[in-house]
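# Chains, contacts and geometry: an overview
Read off the chains here:
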Amino acid sequence: MAFSQPHTVFLPDEAATAALGAAFAPALTAPLVVYLQGSLGAGKTTFTRGLLRGTGYTGTVKSPTYALVESYPLDKFTLHHFDLYRFASPEEWEDAGLDELFGTDSVCLIEWPQQGGALVPAADITVNIEHQETGRLCTLTAHTAAGRQSLETWKKN
């Protein structure tokens, strides 16, 4: 269920996807849960890489496909980037102890959240990226007051 009207942006290429992530970075405040949805190769990790660059992070940004989570301690919060694509069952969420990474000082980006079922914390924001013609269509939707505040801050800037 949407807490506010979705906002849709056309992204013509990978650079535009990274730029959107970078532009979204200053609007993030902890705690926040962001679902990154879209098919394989849609740009979820590219969006995350841009977002981290937008926070000033200069290190390597790896896809967490095999590690399940990559964590980035930043000045204002710790960003945890999850990728649940390889989960065979939702119980793997509990087995991996991933709940421990969700706290008041964390922003959590979750790729393939449906693979964790009801065990995955609910999203404040959903970022849905889909292939469209020669680019991507990105729709950002707030599901909570915290998510709405982040989206409104992003749209103002």
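The text that follows walks through the structure, step by step, so that each part is easy to find. (Residues numbered from 1 in each chain as written. Predicted model: local features only at pLDDT ≥ 70, side-chain atom pairs only at ≥ 80, totals over all residues. Heavy atoms only, no water.)

## Some words on helix 4 (residues 145-156)
For helix 4, built from 12 residues, the straight-helix expectation of 16 Å at 1.5 Å per residue is met to within 8% by its first-to-last C-alpha distance of 16 Å. Residues of helix 4 that are buried include every one of Gly-147, Ser-150, Leu-151 and Trp-154, and no others. In an axial view of helix 4, the angular spread of the buried residues amounts to 95 degrees, which keeps them on one side of the axis. With respect to the buried face of helix 4, the exposed residues turned more than 90 degrees away are Gln-149 and Lys-156. Packed against the buried residues of helix 4 are strand 1 (7-11), helix 1 (14-24), strand 2 (32-37), strand 6 (125-132) and strand 7 (135-142). (Helix = DSSP H or I, 4+ residues; strand = E, 2+ residues; numbered from the N terminus. Expected span 1.5 Å × (residues − 1). Buried < 20%, exposed > 50% of the residue type's maximum accessible area, 1.4 Å probe, protein only. Arc of directions from axis to C-beta. Contact = heavy atoms within 4.5 Å.)

## Structural notes on the sheet that holds strand 4 (residues 78-83)
Strand pairing in a sheet takes place through backbone hydrogen bonds and is either antiparallel or parallel in direction. Read across the sheet, seven strands follow the order 1-7-6-2-5-4-3 without closing on themselves; strand pairing throughout is mixed. This sheet does not close on itself; its edge strands, each paired only once, are strand 1 and strand 3 (69-73). Direction aside, the axes of adjacent strands within the sheet are offset by 15 degrees on average. Bridge count between strand 2 and strand 6: four bridges; the pairing is parallel. Within strand 6, the position partnered with Gln-37 by the bridge is Asn-128. (Pairing = 2+ DSSP bridges. Axes fitted to C-alpha atoms, helices over the stretch in contact; angles between N-to-C directions.)

Just distances and angles here, no functional claims.
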